[in-house]
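# Breakdown of the fold
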Amino acid sequence: MKLQAAIDRVTLDDALVLAKKLDPIVDIIELGTSLVKDYGLVTLRKHPLNLKHAQLLLDLKTNDEGAYEFTQGFKTEADILTAMAASSRQTLDQVYDVTMQQGKQILIDLLEVDDQRIEQIADLDHAIFGLHHSKDAGAGFDAVGTVAHFHERFPQIKHVAVAGGIDLDQAKALANQGIADTIIVGGKISGADDPLTAAKTFMEAIHNDIN
């Protein structure tokens, strides 16, 4: 299982400093949608992170203009870009094709889509499908139960990520469950008093507590 640390709603300078500190610890560093919107892809290209260990994900949440947005997104250092499952099939085909041509990865965000829609796009074989509990929806996300239901309903989907207020206990349970490839942790790491210690604790939990 991989740990993705999401950085959001901070200044670009603070985000870059934290990302470089987290680089040797976590598997994936996410620069969240707020950073992409606040500063833009041009600015991110001008401030390379030069990560040595972690992959870089930019949470574009592309919903239209698929080929253009992903082509521009991959001109940064991004290894992974995101698109919304609710966008048109044509958009998803475009972003998927650009990703495959670039030899990179795509995460399709399943926020607020139903099983019928997932069934329609489940053939995008190499995509990561992101189970995402909305921040605006508040607390109460049963991550383990949601992943179990998803896997039962869509066993053909190979790559699953899960996000939405994941805490340490949920991280341990998800690791033991053994279905999701990636857990995405935001405020419990980036908002912690000591983000580096928090990241190490999560890494230890998902790798050492598997039964």
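Residues numbered from 1 in each chain as written. Predicted model: local features only at pLDDT ≥ 70, side-chain atom pairs only at ≥ 80, totals over all residues. Heavy atoms only, no water.

Going by what an unreviewed UniProt entry lists, the chain is known as 3-hexulose-6-phosphate synthase and is assigned to Lactiplantibacillus garii.

### What about the overall build of the chain?
Looking only at helices and strands, one finds nine helices and eight strands in the chain. Against the 2.2 N^0.38 benchmark of 17 Å for 211 residues, the chain shows a C-alpha radius of gyration of 16 Å, consistent with a compact globule. Projected onto the principal axes, the alpha-carbon positions of the chain cover approximately 45 × 45 × 30 Å. Scored against the burial criterion, the 211 residues of the chain give a buried share of 48%. (Helix = DSSP H or I, 4+ residues; strand = E, 2+ residues; numbered from the N terminus. Rg over C-alpha atoms; globule rule 2.2 N^0.38 Å. Buried < 20%, exposed > 50% of the residue type's maximum accessible area, 1.4 Å probe, protein only.)

### A look at the pattern of salt bridges
As enumerated under the stated definition, the model contains seven salt bridges in all. The residue Arg89 makes a salt bridge to Asp123 at a minimum N-O spacing of 3.0 Å. One end of the pair, Arg89, is in helix H4 (residues 89-102); the other, Asp123, is in the loop between helix H5 (115-121) and strand E6 (128-132), with 34 residues separating them in the sequence. Classification of Arg89 by relative accessible area gives partly exposed; the value is 26%. One network of salt bridges, with partners in common, ties together Arg89, Asp93 and Asp123. (Salt bridge = Lys/Arg side-chain N within 4 Å of Asp/Glu carboxyl O.)

### A closer look at the nonpolar core
The biggest cluster of nonpolar side chains holds 64 residues, and the ones touching the most others in it are Leu58, Leu110 and Val162. Ranked by the residues each element gives to this core, the list is headed by helix H1 (residues 12-22), at six residues. (Core = buried A, V, L, I, M, F, W, Y, C linked by side-chain atoms within 4.5 Å.)

### Re the environment of Ala78
Of note, Ala78 is situated in the loop between helix H3 (66-73) and strand E4 (80-84). When the C-alpha atoms of Ala78 and Leu49 are compared, they prove to be 10.0 Å apart, with 29 residues separating the residues in sequence. Not counting the four nearest positions on each side in its chain, Ala78 is found in contact with Leu56, Leu58, Gly73 and Lys104. (Contact = heavy atoms within 4.5 Å.)

### So, the sheet that holds strand E5 (residues 105-109)
Taking strand neighbours around the barrel as the criterion, the eight strands line up as E1-E2-E3-E4-E5-E6-E7-E8 in a closed arrangement whose pairing is parallel. For this sheet the average axis-to-axis angle between neighbouring strands, irrespective of direction, equals 25°. Relative to the sheet, H3 contacts strand E3 (55-62), E4 and E5, its axis offset from that of E3 by approximately 155°. Here helix H6 (residues 143-153) sits on the sheet and contacts E6 and strand E7 (160-163); the angle it forms with E6, its principal contact strand, is near 140°. (Pairing = 2+ DSSP bridges. Axes fitted to C-alpha atoms, helices over the stretch in contact; angles between N-to-C directions.)

### Some details on helix H9 (residues 195-208)
Taking 1.5 Å per residue as the helical rise, H9 with its 14 residues ought to reach 20 Å, and the 20 Å between its terminal C-alpha atoms agrees with that figure. Buried residues of H9: Pro195, Ala198, Ala199, Phe202, Met203, Ala205 and Ile206, and no others. The arc that holds the buried residues of H9, viewed along the axis, is 160°, so those residues lie on one side. The inward-facing, buried residues of H9 abut strand E1 (2-7), H1, helix H7 (168-177), strand E8 (182-185) and helix H8 (187-190). (Expected span 1.5 Å × (residues − 1). Arc of directions from axis to C-beta.)

### Topic: H6
Among the residues making up H6, those that are buried are Ala143, Val147 and Phe150. For H6, the angular spread of buried residues about the axis comes to 65°, placing them on one side. Tucked inside the fold, the buried residues of H6 contact H5, E6, E7 and H7.

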